Amino acid sequence: MTGGEQYGVADVERGYRVGPWTVERALGSGAFGHVYAARHEDAAAEPARAALKFLPTGTHTPRQLRHLRELAEREVALLSRLRSPRLIRMHDALTVDDPGHPELDGATVLVLEEARSSLDALLTEDRTPRSGPELLAQVCEGLTQLHDAGWVHGDLKPGNVLLMPDGSARLGDFNLAPELDGTHAYAPAFATADYTPPELLWSEVGERGMRVRQTADVWAFGVLAHLVLTGSLPLPGPTPSARRDAAVRYARGEEDLRLSPGLPPLWREIVADCLARTHEERARYGSAALLERVTAAAAGRPHRRRRAPRPLLVATAALTALAAAGFGTLALLPEGQRSGPGDGRDAGAVSATVTGPPSSGRTPAVAATGWDRCAPASVCFFTGRGGTGEMCAWEGDEFNWTDGAVRCSWTGSRRPASVYNNGVADPDGYVHVVYYAEEALHRRLGCVEQGERRDLGEGAARILSHIWAKAC
Ligand SMILES: Nc1ncnc2c1ncn2[C@@H]1O[C@H](COP(=O)(O)OP(=O)(O)OP(=O)(O)O)[C@@H](O)[C@H]1O
């Protein structure tokens, strides 16, 4: 056996026995522990295999010893109290009783379910894995489970995201994870610089440790998401200390955050919100809200924000009555014209278009012309200039023009010639509209601000998707 790293335990040889477990091979090591694959002496035992994490003890100064004991206790406390699908499970915690090996004697050994690999290893093979979005959703689920139970992870990074034999992700490594005490928790000052939020980079470490909050994990998740989706860290600089300085300049408002252009549009606002400058800004999104947004982005659809409610039922009912009376679907028709019922045109766009809220005092769309056909809270695109011709309108979060509940049937053959953003105030500030030449928000063409009416020019390209945005 040889000595470990600064805080590590001694390396453990193949065949070493702890309780019923026999060490087979090394799986990985971190700043504090070495992890080994092991098999149970009873092949029929459940589980028959496990990962043994040896946490250090032994040859350290009393201060280091106390500190190391705390790390082990923290991880055991969390793992024995929390059982959630996205957190790695602990089957048992053992203590090595081996006076013949003083460097191991007394070490705490966590008997964990065995992962196949880690996100760190996956990113070494493939900088932007196809499974990235799905893994991020699972990581976010793990964080939410941890946060809901009142803990902070405190060291979220690729090495601490474990990949199971079925390819799914679970969070591991909880020796820095503190339990909340009110709004804060106290952790040892040992987080990884690239994943540490700016406010903790200059935070003081008191008697009880560093005061951390769950928004520290939200920042770390933003860094992780940027890395997994683009292959690069969000803050510039060739070394961790250069990136830490960049984080400080950013937090002071001296620099803007420049996210990689390779970051998919659906993820940009999520990552930007996770990497908001201050704890307060990040706290606006609890982890449950973050999970909703991340799950939607991982599924390739924008998050359905709660936009100002509109009486869609009323609109639809009014439309049904109009259709029954022979007026047909109106919004897709040239201005001022009607079609017969059952002409196969898109009713989804109509229901969001023809009828304004009763409180708006607008006349029904049958009488409306031009821009006025565009109901409040909607964005409307027209085949003619100045809001003339056929119109497609959306008020919700449907973003593809050729699939989903609201479709624009003429977009295959014609380009929009004008647009009106009749957006209303939105609690989250999503009032502008960015539009794209391709489905799924690819190839940005332009942006129309709240209240803006505009001709799109002769050469306007086809538009196939759009999204409500906080800024143009
Ligand atoms: N349950 C497990 N199954 C398989 N491999 C594991 C398991 N737990 C940890 N590992 C591997 O061992 C490495 C180190 O584990 P872990 O991160 O828990 O140790 P640590 O010393 O606390 O690390 P850190 O430096 O992140 O604090 C991980 O990156 C992973 O590769």
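None of these values were measured; they are calculated from a predicted model.

## Details of the environment of Val 161
Examined against the element boundaries, Val 161 turns out to sit in strand β8 (residues 161-163). Classification of Val 161 as buried rests on a count of 28 C-beta atoms within 10 Å. Residues Val 161 and Gly 142 lie 19 residues apart in sequence; the distance between their C-alpha atoms is 9.7 Å.

## Some details on the sheet that holds strand β16 (residues 432-438)
Spatial ordering of the open sheet is given by β17-β16-β19, a layout of three strands whose pairing is antiparallel. One side of each edge strand has no neighbouring strand; the edge strands of this open sheet are β17 (442-448) and β19 (465-469). The sheet shows a mean angle of 30° between the axes of neighbouring strands, taken without regard to direction. Direction of pairing for β16 relative to β17: antiparallel, over a ladder of five bridges. From the neighbouring strand, Glu 438 faces β17, where its bridge partner is His 442.

## A closer look at the sheet that holds β8
The antiparallel open sheet is built from three strands, whose spatial order is β7-β8-β9. Across the chains shown, the open sheet's two edge strands, defined by having one partner strand only, are β7 (117-118) and β9 (169-171). For β8 and β9, the ladder comprises three bridges, and the chain directions are antiparallel. For Leu 162, the partnering residue across the bridge sits in β9 and is Arg 170.

## Some details on the environment of Gly 457
In this fold, Gly 457 is placed in the loop between β18 (453-455) and β19. Accessibility expressed as a C-beta count within 10 Å gives 12 for Gly 457, which makes it exposed. A C-alpha to C-alpha distance of 6.5 Å links Gly 457 and Ala 417, two positions 40 residues apart in sequence.

## Observations concerning the nonpolar core
Within the largest apolar cluster, 106 residues are counted, with the highest numbers of intra-cluster contacts made by Leu 52, Val 139, Phe 221, Leu 224, Ala 225 and Cys 380. With 11 residues, the top contributor of residues to this core is helix α5 (residues 214-230). Ignoring sequence-local partners within four residues, the contact set of Leu 224 consists of Val 139, Leu 156, Lys 157 and Pro 158.

## Let's talk about the UniProt feature "binding site: ATP" (unreviewed entry) in the chain
Per the UniProt annotation, the sites labelled "binding site: ATP" (unreviewed entry) are Lys 53. Structurally, Lys 53 is set in strand β4 (residues 49-55). Under the C-beta neighbour-count criterion, Lys 53 is labelled buried, with 30 such atoms within 10 Å. Ignoring sequence-local partners within four residues, the contact set of Lys 53 consists of Gly 33, Val 35, Val 109, Leu 110 and Leu 112.

## Considering the site of the ligand
Neighbouring residues of the ligand: 23 residues in total, closest Gly 28, Gly 30, Ala 51, Ala 115 and Asp 173. Elements supplying a minimum of two residues to the shell around the ligand: β2 (21-29) and β4. Counting residues domain by domain, the shell around the ligand receives three or more from each of domain 1 (17-112) and domain 2 (117-298).

## Some thoughts on helix α3 (residues 132-148)
Relative to the 24 Å expected for 17 residues at 1.5 Å per residue, α3 spans 24 Å between its end C-alpha atoms, a close match to the ideal helical length. Burial within α3 is extensive, with 13 of its 17 residues counted as buried. Residue Gly 150 follows α3 closely and has a positive phi angle near 90°.

## A word on the packing of helix α7 (residues 265-274) against helix α9 (residues 287-298)
Put simply, α7 and α9 touch, their axes get as near as 9 Å, and they point 160° apart. By the angle between their directions, the pair α7 and α9 is classed as roughly antiparallel. Note on packing geometry: the crossing formed by α7 with α9 is left-handed. On α9, the residues touching Leu 266, Trp 267 and Ile 270 of α7 are Arg 293, Val 294 and Ala 297. Residues of the contact of α7 with α9, tallied by class, amount to five nonpolar, no polar and one charged.

## Considerations on unusual backbone geometry
Here Glu 46 and Pro 47 are connected by a cis peptide whose omega angle stands at 5°. A positive phi angle is found at Asp 173, which is not glycine, with a value near 60°. For Asp 173, the position within the fold is in the loop between β9 and β10 (185-187). If you check the backbone angles, Ala 377 has positive phi at about 80° while not being a glycine. Relative to the helices and strands, Ala 377 is located in the loop between α11 (347-351) and β13 (378-382).

## Side note on the pairing of β4
Along a regular strand, successive side chains alternate from one face of the sheet to the other. Extensive coverage of β4 is indicated by the burial of six of its seven residues. Where strand β3 (residues 34-40) and β4 come together, six bridges link them in antiparallel fashion. Bridge pairing in β4 links Ala 37 to Ala 51. Pairing of β4 with strand β6 (residues 108-112), which is carried by five bridges, proceeds in the antiparallel orientation. Bridge pairing links Phe 54 to Val 109 in β6.

Thresholds applied
- Per chain, the residues get numbers from 1 upward, laid out in the order the sequence is written.
- Where totals are concerned, whole chains, interfaces and linings use all residues; where local detail is concerned, this predicted model gives features only for residues with pLDDT of at least 70, and gives and counts side-chain atom pairs only at 80 or more.
- Think of it this way: any DSSP run of H or I at least four residues long counts as a helix, any run of E at least two long counts as a strand, and we number them from the N terminus.
- In this scheme the burial state of a residue depends on its C-beta neighbours within 10 Å: 20 or more other such atoms mean buried, 12 or fewer mean exposed, and anything in between means partly exposed; the C-beta positions come from the backbone.
- Strand pairing is defined by DSSP finding a minimum of two bridges between the two strands.
- To obtain an axis, a line is fitted to C-alpha atoms, over the contacting stretch when the element is a helix, and the angle between two such axes runs from 0 to 180 degrees between their N-to-C directions.
- Remark: nonpolar core denotes a set of buried Ala, Val, Leu, Ile, Met, Phe, Trp, Tyr and Cys residues whose joining runs through C-beta atoms within 7 Å.
- We call two residues in contact when the distance between their C-beta atoms, placed using the backbone, is within 7 Å.
- UniProt positions are given in the numbering used here, feature names are shortened, and annotations may be inferred rather than shown by experiment.
- Note on definitions: a residue is near a molecule or strand provided its C-beta atom, placed from the backbone, lies within 6 Å of it.
- Note: domain ranges come from an automatic or database domain assignment.
- Expected helix span is computed as 1.5 Å times (number of residues minus one).
- Angular relationships are summarised with four words: roughly parallel below 35 degrees, roughly antiparallel beyond 145, roughly perpendicular across 65 to 115, and oblique for the angles in between.
- Two helices that cross are described as forming a left-handed crossing if the nearer one is turned anticlockwise from the farther one by less than a right angle, and a right-handed crossing if clockwise.
- Residue classes follow a fixed rule: Ala, Val, Leu, Ile, Met, Phe, Trp, Tyr, Cys and Pro count as nonpolar, while Asp, Glu, Lys and Arg count as charged, and any other residue, Gly among them, counts as polar.

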